[in-house]
Amino acid sequence: MERWIWGWLAVINIVTFLAYGLDKWKARHHRWRISEGMLLFLAAAGGSAGALLAMYGFRHKTKHRKFTAGVPAILCAQIALGMAVMLW
């Protein structure tokens, strides 16, 4: 069971990182964007570490409070949940 969880986290974090990077590229080139809701959904689905790395790596969404406060809060909640599950 643990193996698929680690696999899921690896995949969703890579996908999230790439989605944030793609959205930044689209913003620079005046293209159709990925919605903020989808970006936050990807973070909540387990990709919060990838989202945080992408935010500061690409300098993307760093002026939006729902991202600068929300993504770290999601990451903390996911870490707490993971620790609780491991201890249970």
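These numbers come from a predicted model, not from an experiment.

**Thoughts on the confidence of the model for the protein**
Step number 1: Residues with a pLDDT of 70 or more make up 99% of the protein, whose mean pLDDT is 96.
Step number 2: Across the protein, the element-wise mean pLDDT spans from 95 in helix H4 (residues 70–87) up to 98 in helix H2 (residues 36–57).

**Looking at the pattern of salt bridges**
Two side chains that carry opposite charge are able to pair once their charged atoms sit near each other.
Step number 1: All told, the structure shown has three salt bridges when counted by the stated rule.
Step number 2: The shortest N-O distance in the salt bridge between Arg33 and Asp23 comes to 3.0 Å. Here Asp23 lies in helix H1 (residues 2–28) and Arg33 lies in the loop between H1 and H2, a separation of ten residues in the sequence.
Step number 3: Overall, Arg33 belongs to the partly exposed group, its relative accessible area being 32%.

**With respect to unusual backbone geometry**
Step number 1: Phi at Arg59 takes a positive value of approximately 50 degrees, unusual for a residue other than glycine.
Step number 2: Among the structural elements, Arg59 can be located in the loop between H2 and helix H3 (65–68).
Step number 3: The phi torsion at Lys61 lies on the positive side, around 65 degrees, for a residue other than glycine.
Step number 4: Position of Lys61 relative to the elements: it lies in the loop between H2 and H3.

Definitions and limits used
Residues numbered from 1 in each chain as written. Predicted model: local features only at pLDDT ≥ 70, side-chain atom pairs only at ≥ 80, totals over all residues. Heavy atoms only, no water. pLDDT = per-residue confidence, 0-100. Helix = DSSP H or I, 4+ residues; strand = E, 2+ residues; numbered from the N terminus. Salt bridge = Lys/Arg side-chain N within 4 Å of Asp/Glu carboxyl O. Buried < 20%, exposed > 50% of the residue type's maximum accessible area, 1.4 Å probe, protein only.

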